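Residue-level listing of the chains:
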Amino acid sequence: QVQLVESGGGLAQPGGSLRLSCAASGSISSIYAAAWYRQAPGKQRELVANITTDSNPNYADAVKGRFTISRDNAKNTVYLQMNSLKFEDTAVYYCYVEGTTDWGYSFDSWGQGTQVTVSS
């Protein structure tokens, strides 16, 4: 059983920064893909950024140049550094991870979500 625990959300002012973390625990052999999604009130969940083992990160146009996704393989943790925050970045942010367990099975898992609110 793989679990994801997110942290780092909260309140920020426009132009401010927040760093989200997503720590994966369980019998994980490797993580080959990870992503951050967000869902604003009344809107569908949308992809913010993703990263795989063998490719460069991809970003939604709305966050390019402001957000950075990264990973620490030793800690099985994925990060989302969010700079120059805007009101429209307000949403619940979810991490998503795909990988392989110690027994060789593939898994995918969602985090519980963390609220990010940008307000003055």
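Above this text you will find the structure in question.
All residue numbers here refer to positions counted from 1 along the written sequence of the relevant chain. Owing to the predicted nature of the model, reporting of local features is limited to residues with pLDDT of at least 70; listing and counting of side-chain atom pairs is limited to 80 or more, with chain, interface and lining totals taken over all residues. Values shown for side chains rest on all heavy atoms present in the structure; no hydrogens or waters enter the calculation.

Participant: Please give an account of the pairing of strand S11 (residues 114-118) that cites residues and values.
Facilitator: Burial along S11 is one-sided: Thr114, Val116 and Val118 are buried, and none of Gln115 and Thr117, which face the opposite way, are. At least two bridges found by DSSP between two strands are what make those strands a pair. Each helix is a run of DSSP H or I of at least 4 residues and each strand a run of E of at least 2, with the numbering of both proceeding from the N terminus. Relative to S11, strand S9 (residues 91-101) is paired through 3 bridges, and the arrangement is antiparallel. When the bridges of S11 are listed, Tyr93 appears paired with Thr114. For every residue, the accessible area obtained with a 1.4 Å probe (protein chains only) is divided by the maximum for its type, and the residue is called buried under 20%, exposed over 50%, and partly exposed between those limits.

Participant: Before we move on, can you summarise the state of the cysteines with the specific residues and values?
Facilitator: The rule for a disulfide is simple: a pair of cysteine sulfur atoms within 2.5 Å. Overall, the coordinates contain 1 disulfide when judged by the stated rule. Between Cys22 and Cys95 runs a disulfide, and the two sulfur atoms are separated by 2.0 Å. Disulfide Cys22-Cys95: the torsion about the S-S bond is 55°, which places it as right-handed. Of this pair, Cys22 sits in strand S3 (residues 18-25) while Cys95 is found in strand S9, placing the two residues 73 residues apart along the sequence.

Participant: For the nonpolar core, give the residues involved together with the corresponding values.
Facilitator: Nonpolar side chains tend to gather and get buried jointly when the protein is soluble and globular. Joining through side-chain atoms within 4.5 Å is the link that ties buried Ala, Val, Leu, Ile, Met, Phe, Trp, Tyr and Cys residues into a set, and such a set is a nonpolar core. Formed by 29 residues in total, the largest nonpolar core has its most connected members in Trp36, Val48, Phe67, Leu80, Met82 and Tyr93. Mapped onto this core, the elements with two or more residues apiece are S3, strand S4 (28-39), strand S5 (46-52), strand S7 (67-72), strand S8 (77-82), S9 and S11. Residue contacts are counted whenever heavy atoms from the two residues lie within 4.5 Å of one another. Sequence-distant contacts of Leu80, defined by excluding residues within four places in its chain, comprise Leu18, Arg19, Leu20, Trp36, Val48, Ala49, Phe67, Thr68, Ile69 and Tyr93.

Participant: With reference to specific residues and values, describe the pattern of salt bridges.
Facilitator: By definition, a salt bridge exists where a carboxyl oxygen of Asp or Glu is found within 4 Å of a side-chain nitrogen of Lys or Arg. Applying the stated rule across the entire model yields 4 salt bridges. Here Asp89 ties to Arg38 by a salt bridge, and the two come within 2.9 Å at their closest N and O atoms. You can see Asp89 sitting in the loop between S8 and S9 and its partner Arg38 sitting in strand S4, a full 51 residues away along the chain. Its relative accessible area of 6% is what places Arg38 among the buried residues. Close ionic contact of Arg66 with Asp89 constitutes a salt bridge, the shortest N to O distance being 2.7 Å. Placement of the pair is Arg66 in the loop between strand S6 (55-59) and S7 and Asp89 in the loop between S8 and S9, with a sequence separation of 23 residues. Asp89 shares its class with Arg66; the two are buried.

Participant: Describe the sheet that holds S8, with residues and values.
Facilitator: Here 4 strands make up an open sheet; going across it, the order is S1-S3-S8-S7 and the pairing antiparallel. Edge positions in the open sheet fall to strand S1 (3-7) and S7, since each of these has one partner strand only. Direction aside, neighbouring strands of the sheet carry axes that sit 15° apart on average. As defined by bridge partners, S3 adjoins S8 across 6 bridges and the pair is classed as antiparallel. Bridge assignment links Leu20 to a residue of S8, and that residue is Leu80. Axis lines are fitted through C-alpha atoms, for helices just across the contact stretch, and the angle between N-to-C directions can take any value from 0 to 180 degrees.

All we've got here are geometric facts, nothing functional implied.
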